[in-house]
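Architecture at a glance
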Amino acid sequence: MKKHTIWLLTAIMAITVIVLLGIQIVYMRDMVRMRYDQFAQSVRQSLIAVSMQLSHDETQRFLEEDVNNIESSSIYQQYLGDATPQLGGVRYSFTTSTGLEADLTIKGDPADISNIEGAPALFGHGHSKRKNLNQPLHVNFNEPFNQQKNLIDNVILDIMSKSSSRPITERADSTVVRRYLRQQLDTLGLEVPFEFALVNRTGVTVYKTAGFQATPDDRDNMFVQVLFPRDGDNQTYYLKVYFPTKKDYVFASLPLLWPAFILTVILLVVFIFTVVTAFRQKKLSEMKNDFINNMTHEFKTPISSISLAAQMLQDQSVRKSPAMLGQISNVINDETKRLRFQVEKVLQMSMFEGRKATLKLTDVDANVVIYNIVNTFKLKVEKYGGHIDARLDAMDAIVEVDEMHFTNVIFNLLDNAVKYRREDVPLELTVTSRDLPAEKLEITVQDNGIGISKDDQKKIFDKFYRVSTGNLHDVKGFGLGLAYVRKMVGELGGTISVESQIDKGTKFIIIIPLSKN
């Protein structure tokens, strides 16, 4: 797949996921806001109902007291005469202009109750007269008798003036308030815990529940309702109700909200992972193509040399010359070794597939191994007019390693130094060893070559990766050397790092633990 195609698909997927996530967030926000509004509306309805219930209880109490006073008064007894309960009575059902409905029953014979004029104890003040002595037992004061309505209103005003003088703790008892609140909230389906307090108009708390600890930050969870609003501004009291678990209740009422959001986030993560994987695979494909090209070139040279030597052996004159046969034999032998070395490098790829390498660990003296490698490599360095130096200062260099792989690690680092040398400067190679605390050994391989850029330093240990000059055939290789080095150093329990500057050289630092024996 071409790179611009991947970019196009990535853009389409990104736009789709972003739009989907935006819609999801807007939907979630609207749903939460709607549930908050529903909660607030239900709570306000409950508080209004509680306030009305308290006012109703207050009015009913005073009506009952007034009726009891009337029944015990001499004026009432005068109109009742010798009436008995069996005689029935007159029941007045009335509704005031304020909306209050009440019943008032005068016991006795309706025929004997001829006139109640001048009975101020009944209505508080004023006069009243029954128009029809033979009227039914139920009289509706909603009929257009304005005089009677005004009298009843005066009765209610008298009740209000008397009730406002009572202590607020009696008018709105905390136990009664809690019971009414619980009933009203349960009726509307709000089975949620609450705390409440009663405060006066100056904010002084009359009483509060033990859990009422609301702060200014909890303003959204607080609801306020005026109690007995007709008492006047100087006697205004407020019922404050606090819901500590309001947020949890709202979100619990939306059970699919969080799963939908989590699935959307998972989709976003999978999308990002897919995009990263696609680009990584694209890059890996390009690196493998480079590897195949380099491998073909690396194999072509020794194969060509062996083929040419084989053709020369077919020449009779060559066969008759022992010196020529020896020379051709050496060429075939050298190229065969070279070819075998390249094949071994390719086989090293199997070590990068997540499998642990099979190592034959033995205790070796790292100084001795490095010294032998330097002596062997000296001829190759001097061939290019360079110089190699070994400064093996470590006093304790016994390490537990696989000697063959450890030798390959040092050899690969030295081989890279030769490959990436500067043509205008004689090659200078230095290999050192020194003791470190915590029973560790440090080995460094330093050169004065072309150096490695900061960006390349992050990638040089990746398999198949080669710096920019590696794309040209003047510097040969598969991009496996440093990947193999890091793999082996890690298998031996060590670490490797690099320090480099362009046109100044490169320094590889290996730190491995000393043998425990």
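Quick note: structure is the one above.
Here we summarise the structure given alongside this text. (Residues numbered from 1 in each chain as written. Predicted model: local features only at pLDDT ≥ 70, side-chain atom pairs only at ≥ 80, totals over all residues. Heavy atoms only, no water.)

1. Thoughts on a negative patch on the surface
On the surface, Asp393, Asp396, Asp435 and Glu439 cluster together to form a negatively charged patch. You can see aspartate 435 is positioned in strand β11 (residues 428–436). (Patch = residues over 30% accessible without salt bridge, like charges linked within 9 Å, V, L, I, M, F, W, Y side chains within 5 Å. Areas by Shrake-Rupley, 256 points an atom, 1.4 Å probe, with all protein chains shown as cover. Salt bridge = Lys/Arg side-chain N within 4 Å of Asp/Glu carboxyl O. Lys, Arg positive; Asp, Glu negative; His and termini not counted. Charge placed at Lys NZ, Arg CZ, Asp CG, Glu CD. Helix = DSSP H or I, 4+ residues; strand = E, 2+ residues; numbered from the N terminus.)

2. Some points on a nonpolar patch on the surface
A contiguous nonpolar surface patch, about 500 Å² in accessible area, is contributed by Trp258, Ile262, Leu263, Ile266 and Val270. Take isoleucine 266: it is sitting in helix α8 (residues 257–313).

3. Observations concerning the sheet that holds β11
In spatial order, the strands read β9-β11-β12-β14-β13; together these 5 strands make up an open sheet with mixed pairing. Either end of the sheet is taken by a strand with one partner, and the two such strands are β9 (387–392) and β13 (495–501). Recorded for the sheet is a direction-independent mean angle of 15° between the axes of neighbouring strands. The pairing of strand β12 (residues 440–447) with strand β14 (residues 505–513) spans 8 bridges and is antiparallel. Bridge assignment links lysine 440 to a residue of β14, and that residue is proline 513. The strands touched by helix α11 (residues 366–383) are β9, β11 and β12; relative to β9, the strand with the most contacts, the crossing angle is about 170°. (Pairing = 2+ DSSP bridges. Axes fitted to C-alpha atoms, helices over the stretch in contact; angles between N-to-C directions. Contact = heavy atoms within 4.5 Å.)

4. Quick look at the sheet that holds strand β5 (residues 205–208)
Within the open sheet, the 4 strands sit side by side as β5-β4-β7-β6. Their pairing is antiparallel. With one partner strand each, in any of the chains shown, β5 and β6 (222–227) form the two edges of the open sheet. Each strand of the sheet is rotated relative to its neighbour by a mean of 20°, with strand direction disregarded. For strand β4 (residues 195–200) and strand β7 (residues 237–242), the ladder comprises 6 bridges, and the chain directions are antiparallel.

5. Some remarks on the packing of aromatic side chains
One pass over the structure, following the stated rule, counts 11 aromatic pairs. Aromatic side chains phenylalanine 39 and phenylalanine 223 sit 6.2 Å apart centroid to centroid with 50° between the ring planes, which places their arrangement in the tilted category. You can see phenylalanine 39 sitting in helix α1 (residues 3–72) and its partner phenylalanine 223 sitting in strand β6, a full 184 residues away along the chain. We classify phenylalanine 39 as buried; its relative accessible area is 2%. (Phe/Tyr/Trp six-rings, centres within 6.5 Å; stacked < 30°, edge-to-face > 60°. Buried < 20%, exposed > 50% of the residue type's maximum accessible area, 1.4 Å probe, protein only.)

6. What to know about the nonpolar core
Formed by 43 residues in total, the largest nonpolar core has its most connected members in Phe406, Leu414, Leu441, Phe508 and Ile510. Those elements that place two or more of their residues in this core are α11, β10 (398–401), α12 (403–419), β11, β12, α14 (481–491), β13 and β14. Discounting residues that sit within four places of it in the chain, leucine 414 has contacts with Ile373, Phe377, Ile388, Leu429, Val431 and Val445. (Core = buried A, V, L, I, M, F, W, Y, C linked by side-chain atoms within 4.5 Å.)

7. Regarding the packing of α12 against α14
Working note: a packed helix pair is described by the angle between its axes plus the distance between those axes. The N-to-C vectors of α12 and α14 enclose an angle of 145°; their axes lie 9 Å apart at closest approach. By crossing handedness, the relation of α12 to α14 is classed as left-handed. Residue-level contacts link His405, Asn408, Val409, Asn412, Leu413 and Asn416 of α12 to Gly481, Leu482, Tyr484, Val485, Met488 and Val489 of α14. Partitioning the contact of α12 with α14 into residue classes produces 7 nonpolar, 5 polar and no charged. (Left-handed = near helix turned anticlockwise from the far one by under 90°. Nonpolar A, V, L, I, M, F, W, Y, C, P; charged D, E, K, R; others polar.)

8. Some words on α14
Counting buried positions over the 11 residues of α14 gives 9, a clear majority of the element. Regarding α14, the residues found buried are Gly481, Leu482, Ala483, Tyr484, Val485, Lys487, Met488, Val489 and Glu491. Summarising the contacts, the buried residues of α14 are in contact with α12, β13 and β14. Directly beyond the C-terminal end of α14, a positive phi value near 85° is found at glycine 493.

9. A closer look at the pairing of β14
A regular strand carries its side chains on alternate faces of the sheet. Of the strand pairs in this sheet, β13 and β14 are connected by 7 bridges, and their pairing is antiparallel. Bridging across to β14, glutamate 499 finds its partner in lysine 507. Between the end of β13 and the start of β14, which pair antiparallel, lie 3 residues, with aspartate 503 showing a positive phi angle near 65°.

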